[in-house]
Amino acid sequence: MPSPLGHALASAILHKKKVPGSWSGDWKRLLFHMFCGMSPDLDFLPGLFLGNISLYHHGFTHSILGAGLMGAFFWVVYGLWRRVWKVNDLFFLMGLVSLHPLMDVLALDTASPYGCPLGYPFSKVSVMSPYVFFQDIHRAGLRNFLFGKNNLLAFGIEAIFFLPLMMALSYREGRSRGAWFIAVLISFFVTATALRVVKWVDGRALFMSVWSQM
Ligand SMILES: [Zn+2]
């Protein structure tokens, strides 16, 4: 799974596409969208209280149906909050939350439960992409989560991956196709280079990544 930072940045990008203007223009809605994008990982909470943080992780909230229902729930919350009931807001929030399990599928997963049950409850198959773009996150203890070498590396790579895209969005309100093209190229090139440097410095293949195989 990518870190909460990766999910928050991806959600911020979708927010900016949805809500034009400066990043701080509707910052409450920005924070709301970032929370929605991270929300499937709330399935950590019951396990946290029971002493095994992964006990209920990658369950129903990481399926397309579960994420869609969560999006619908957040649409009701948003409607009650802002007194706005638009169908395209509903689809936006369903898509925003559903992006979370799709991103998790594209991340290295080295701990059980592996992959995401995207088709649950109709299918119990757990999906994990053979090609990944994000590092996994180690969750053994808060200190290890925040400051462990593996996770700091993951946070850095996610920031490097999303930053050019956020800059392209800020440039001329994201209407410049040239800026988008350059941003995508920079994102992929810098991430690929970072992963190769990490592999070279560390001496072992930390990433089963499409990039590290180049
Ligand atoms: Zn997740």
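It should be noted that the structure appears before, not after, this text.
Residues numbered from 1 in each chain as written. Predicted model: local features only at pLDDT ≥ 70, side-chain atom pairs only at ≥ 80, totals over all residues. Heavy atoms only, no water.

### Here's the deal with the overall build of the chain
The helix and strand tally for the chain stands at 8 helices and 0 strands. In sequence order, the chain lays out its α and β elements as α-α-α-α-α-α-α-α. Against the globule reference of 17 Å for 214 residues, the chain gives a C-alpha radius of gyration of 18 Å, in line with a compact fold. Counting only C-alpha atoms and orienting by the principal axes, one finds that the chain spans roughly 55 × 45 × 35 Å. The buried share among the 214 residues of the chain stands at 46%. Contacts in the chain between residues at least 24 apart in sequence constitute 60% of all its contacts with a sequence separation of at least 6. Accessible surface computed for the chain: about 11,400 Å², of which carbon and sulfur atoms make up 72%. Computed over 18 positive and 10 negative side-chain charges, the inter-centroid distance for the chain is 7 Å. (Helix = DSSP H or I, 4+ residues; strand = E, 2+ residues; numbered from the N terminus. Rg over C-alpha atoms; globule rule 2.2 N^0.38 Å. Buried < 20%, exposed > 50% of the residue type's maximum accessible area, 1.4 Å probe, protein only. Contact = heavy atoms within 4.5 Å. Areas by Shrake-Rupley, 256 points an atom, 1.4 Å probe, with all protein chains shown as cover. Lys, Arg positive; Asp, Glu negative; His and termini not counted. Charge placed at Lys NZ, Arg CZ, Asp CG, Glu CD.)

### Regarding the pattern of salt bridges
Within this structure, the stated rule accounts for 3 salt bridges. The shortest N-O distance in the salt bridge between Asp89 and Lys18 comes to 2.9 Å. Pair noted here: Asp89 is in helix H5 (residues 87–105) and Lys18 is in helix H1 (residues 4–18), with a separation of 71 residues, a long-range link. Asp89 serves as the salt-bridge partner of Arg29, at 3.6 Å between the closest nitrogen and oxygen. With a gap of 60 residues between them, Arg29 in helix H2 (residues 27–38) and Asp89 in helix H5 connect regions that are remote in the sequence. Neither residue differs from the other here; Arg29 and Asp89 are each classed as buried. (Salt bridge = Lys/Arg side-chain N within 4 Å of Asp/Glu carboxyl O.)

### Considerations on the packing of H1 against helix H7 (residues 149–170)
The N-to-C vectors of H1 and H7 enclose an angle of 10°; their axes lie 9 Å apart at closest approach. As judged from the angle between their axes, H1 and H7 are roughly parallel. In contact with Leu5, Gly6, Leu9, Ala10, Ala12, Ile13, Lys16 and Lys17 of H1, H7 contributes Phe155, Glu158, Ala159, Phe162, Leu165, Met166 and Leu169. Class assignment of the residues belonging to the contact of H1 with H7 gives a composition of 11 nonpolar, 1 polar and 3 charged. (Axes fitted to C-alpha atoms, helices over the stretch in contact; angles between N-to-C directions. Parallel < 35°, antiparallel > 145°, perpendicular 65-115°, else oblique. Nonpolar A, V, L, I, M, F, W, Y, C, P; charged D, E, K, R; others polar.)

### Observations concerning the packing of aromatic side chains
The final tally for this structure, using the stated rule, is 10 aromatic pairs. Ring geometry for Phe35 against Phe74: centres 6.0 Å apart, planes inclined by 85°, an arrangement best described as edge-to-face. On the criterion of sequence distance, the pair formed by Phe35 in helix H2 and Phe74 in helix H4 (residues 64–82) is long-range, its members being 39 residues apart. By relative accessible area, Phe74 is classed as buried at 7%. Through a chain of ring-to-ring contacts, three or more aromatic side chains come together here, namely Phe32, Phe35, Phe73, Phe74, Tyr78 and Trp81. The aromatic ring of Trp23 is capped on one face by Lys16, whose charged end is 5.4 Å from the ring centroid. (Phe/Tyr/Trp six-rings, centres within 6.5 Å; stacked < 30°, edge-to-face > 60°. Lys NZ or Arg CZ within 6 Å of the ring centre and 35° of its normal.)

### Focus on the layout of surface pockets
Empty pockets left among the atoms are what a rolling probe the size of a water molecule brings to light. Put simply, the largest pocket is a space of about 380 Å³. In terms of lining residues, the largest pocket is bounded by 16 residues, among which Pro4, Asp41, Phe44, Ile53 and Phe145 are the most central. Of all the secondary-structure elements, those providing two or more residues to the lining of the largest pocket are H2, helix H3 (44–49) and helix H6 (142–147). A class-by-class count of the residues in the lining of the largest pocket yields 12 nonpolar, 2 polar and 2 charged. (1 Å grid on protein atoms, 1.4 Å probe; cavity = no way out; pocket = protein on both sides within 12 Å on 5 of 7 lines; lining within 4 Å. Points joined across faces, edges and corners; volume = space filled by probe spheres on them.)

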